There are 2 protein chains.
Amino acid sequence: MTTTTIAVDAMGGDHGPSVIVPACADFLAQHTLAELILVGREDALQAELARAGLGRHERVRVVAASEVVGMDEDVKTAIRKKRDSSMRVAIDQVKSGQAQGCISAGNTGALMGTAKFVLKTIPGIDRPAICAVLPTRTGQVYALDLGANAECEPEHLLQFGIMGAMLCEAVDGKSNPSVGLLNIGSEEIKGNDTVKRAGDLLKRSHLNFYGNVEGTDIFKGTTDVVVCDGFVGNVMLKTAEGAGKMIGDFLKAELTRNPFTKLLALPALPMIQRFKTRVDSRRYNGAAMLGLAGIVVKSHGSADRLAFATALERTYREIDHDLIGKISLRLAALDAEGLLKPSPVSPQSAGLAASV
Amino acid sequence: MTTTTIAVDAMGGDHGPSVIVPACADFLAQHTLAELILVGREDALQAELARAGLGRHERVRVVAASEVVGMDEDVKTAIRKKRDSSMRVAIDQVKSGQAQGCISAGNTGALMGTAKFVLKTIPGIDRPAICAVLPTRTGQVYALDLGANAECEPEHLLQFGIMGAMLCEAVDGKSNPSVGLLNIGSEEIKGNDTVKRAGDLLKRSHLNFYGNVEGTDIFKGTTDVVVCDGFVGNVMLKTAEGAGKMIGDFLKAELTRNPFTKLLALPALPMIQRFKTRVDSRRYNGAAMLGLAGIVVKSHGSADRLAFATALERTYREIDHDLIGKISLRLAALDAEGLLKPSPVSPQSAGLAASV
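Residues numbered from 1 in each chain as written. Chains lettered and ligands numbered in written order. Predicted model: local features only at pLDDT ≥ 70, side-chain atom pairs only at ≥ 80, totals over all residues. Heavy atoms only, no water.

### Notes on the relation of the copies chain A and chain B
Placing chain A over chain B gives an RMSD of 0.0 Å and needs a rotation angle of 180°, together with 0.0 Å of translation along the axis. What the rotation and shift describe, once combined, is the action of a two-fold rotation axis. Mapped onto chain B, 98% of the interface residues of chain A again fall at the interface, so both copies present the same surface. (Least-squares fit on C-alpha atoms with pLDDT ≥ 70 in both. Contact = heavy atoms within 4.5 Å.)

Okay, here's the thing in structure tokens:
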């Protein structure tokens, strides 16, 4: 029987060990064979472990790291100057084989940069991408890239499609998931040049390519996977987050406007609670950093106990379903067909690439 | 006393005259000096006018147009082959001075293309942009471009900032409105090359430039105006629309799950109604096509009576506040400082521009 071990950057995020350690306790109770390596300042961690009833737990190991990467620290500083950070040491555990995956609620840029530096990418992938699950009317959708690559070539969008489909297939067991290309109109003529060329590549890729999708399609659940560059994806994700938060707050404001409205709203509270659960972003926490030669999951920096436990669960499932092995196999097959390499670089695209 | 005259493409949109004519009646009742020119098939219009109590109305004139631009028709067909379409003839009314502005619920691409062909742009503007108002926690925000320009140079984003600020200033009377540049991080180093260079231009523009904003800032109301390219803006708008619709439908589903939940929700209905009014997209209908040398407003294709009347109201206010005159003045001042012209075109940007 094999055990699954996850390395946890226990110092990352807005709350650090006070939220992460209790979430680890929840996770360990769910998965009775899983093991965790908690990385961070030993004194802080031991205190929290004792508080969470995990002192001397047989499936918890503490690995000391003396530094913490700040939420606003840049990638270069994180890589060059913080070699003993909890983030770096957690990633090192994956590199050395001590863990099969790692998770951090720390700064996204530093996590992606450090992970890429330490773990490298899967052969055939030029650029790792950030992929998260979003709720839809009918279930959920995997969307990528959500911010790792502000500018992309068509070939990168193809690679994102492959990785997103593999994630959906591996973790949700969905066979041949559909992939949509985020565009500004469903007609083929619309969109910019990069997106048009990406559409051509996706059509030839043997993926279950649906074609163009629009912003409204994301939450309709039109496809299982939605692909876009990291600039568009980041704006999309944060817009949805902002719109959802505003709408929720407006509803709350109306219901709690005065003691009278509060009283009237009382009978409806159980239904409103169910509604809230359905759109609770904590249930969708944990973005996969796809394309790295190792499993790395990013939790939202402000994650609470439930949200961090959700992200741990995702990490576990990616390991359990051999995500890296599956992506690598599919990529090797596509590479053999010559579908992964960027086409000969034109002066125009060279200019773009240089500016990234 | 001057009257304001708006030309209405009465055949456009999903519903045509059956929705547009009643909306016109509502508008005329609100504005007792305004006049409308309804453009379309005379028989269809006269029947609807009679039904709406506008038969032989002294402030309504019907101008016949024998054709209608289809919702999926491309710009070239609209311009070359449908010279007697209701859309084209409505725009012609502005060109000839019969009307001071026009409105259509027809196909966005055809409307923008035809309007640009007939009316041309304001000197100093290379590319008109689509600008809509969105609700925020604290009020509203003008966002542009929402889809007219899938690829932009930094100078275009500057021009969008100027036009958006002028719209906010002219229509809402807000002096020196703040302008945010939509980006994927608030730090200056983030984002792609175009956005970085646009930030530099905006800083030097004498606009009240706030700096970078993110997707979450849009609905927070961080700035009065948000600027982005048309690809990003279109995804942003449709994502917000899709997320809002999904959340609303989830709430409705929980409250009406069964007769028992319906009963329990009953006392809360007035508050839920107020909440719905607050996020009702119909109250934000009517996008300005900014940068044209004439006022053109695009209504949502699926607009109902209330939504179309809202868009008519916006058209009226843009005319009433001399939007074109104000934008032209500001542009002339900036042009004199050499801040409007794109930098010498590199092979790279020439390639991009050609592909739009």
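### Looking at the environment of Asp92 of chain A
Examined against the element boundaries, Asp92 of chain A turns out to sit in helix H4 (residues 86–95). As a C-alpha pair, Asp92 of chain A and Val118 of chain A span 26 residues in sequence and 7.1 Å in three-dimensional space. (Helix = DSSP H or I, 4+ residues; strand = E, 2+ residues; numbered from the N terminus.)

### With respect to the packing of helix H6 (residues 154–172) of chain B against helix H13 (residues 323–336) of chain B
All names here are of chain B. Relative to each other, H6 and H13 sit at 135°, their axes nearing to 9 Å. Regarding the angle of H6 to H13, the classification is oblique. In this structure, the crossing between H6 and H13 has a hand that is right-handed. Touching Ile162, Met163, Met166, Leu167, Glu169 and Ala170 of H6 are Leu323, Lys326, Ile327, Arg330, Leu331 and Leu334, all from H13. In terms of residue class, the contact of H6 with H13 is built from nine nonpolar, no polar and three charged. (Axes fitted to C-alpha atoms, helices over the stretch in contact; angles between N-to-C directions. Parallel < 35°, antiparallel > 145°, perpendicular 65-115°, else oblique. Left-handed = near helix turned anticlockwise from the far one by under 90°. Nonpolar A, V, L, I, M, F, W, Y, C, P; charged D, E, K, R; others polar.)

### Observations regarding the packing of helix H1 (residues 17–30) of chain B against helix H2 (residues 42–51) of chain B
For any two helices packed against each other, one specifies the crossing angle of their axes together with the interaxial distance. Residues and elements named next belong to chain B. Running from N to C, H1 and H2 cross one another at 50°; their axes reach a closest spacing of 9 Å. On the basis of their axis angle, the class for H1 and H2 is oblique. The crossing of H1 and H2 is right-handed. Every residue of H2 that contacts H1 at Pro17, Ser18 and Val21 is listed here: Leu45, Glu48 and Leu49. Looking at the contact of H1 with H2, its residues break down into four nonpolar, one polar and one charged.

### Regarding the environment of Asn208 of chain A
Residue and element names in this part refer to chain A. When you line up the elements, Asn208 lands in strand S8 (residues 208–213). With 29 residues separating them along the chain, Asn208 and Val179 place their C-alpha atoms 6.1 Å apart. In this view, Asn208 contacts Asn176, Pro177, Ser178 and Val179; residues no more than four positions away in its chain are not counted.

### Examining the pattern of salt bridges
Evaluation of the coordinates by the stated rule reveals 32 salt bridges over all chains. Between Lys203 of chain B and Asp200 of chain B there is a salt bridge whose closest N-O contact spans 3.9 Å. On the criterion of helical spacing, the pair formed by Lys203 of chain B and Asp200 of chain B is a turn pair, its members being three residues apart in helix H7 (residues 193–203). The partly exposed category is assigned to Asp200 of chain B, whose relative accessible area is 42%. Between Arg282 of chain B and Asp280 of chain B there is a salt bridge whose closest N-O contact spans 2.9 Å. On the accessibility criterion, Arg282 of chain B (32% relative accessible area) is partly exposed. Looking at Asp280 of chain B, the relative accessible area reads 15%, which means it is buried. Connected through shared salt-bridge partners, Glu254 and Arg257 of chain A together with Arg274 and Arg278 of chain B make up one network. (Salt bridge = Lys/Arg side-chain N within 4 Å of Asp/Glu carboxyl O. Buried < 20%, exposed > 50% of the residue type's maximum accessible area, 1.4 Å probe, protein only.)

### Considering the interface of chain A and chain B
Residue-level contacts link 59 residues of chain A with 58 residues of chain B. Carbon and sulfur atoms make up 71% of the surface buried where chain A meets chain B, a total of about 5500 Å² over both sides. Linking chain A with chain B are eight salt bridges, by the criterion used here. One salt bridge in this structure joins Arg274 of chain B and Glu254 of chain A, with 2.9 Å as the shortest N-O distance. At the boundary of chain A with chain B, the tally comes to 10 residue pairs in polar contact (both at pLDDT 80 or more). Elements with a minimum of two residues in the side of chain A that touches chain B: helix H7 (193–203), helix H8 (215–220), helix H9 (230–255), helix H10 (259–265), helix H11 (269–278) and helix H14 (347–354) of chain A. Broken down by element, the side of chain A that touches chain B gets its largest block of residues, 22 residues, from H9 of chain A. Here the side of chain A that touches chain B is composed, by residue class, of 28 nonpolar, 16 polar and 15 charged. (Buried area = accessible area lost by both parts, 1.4 Å probe. Polar contact = N/O pair within 3.5 Å; in protein donor to acceptor, adjacent residues only side chain to side chain.)

Nothing here speaks to function; it is geometry throughout.
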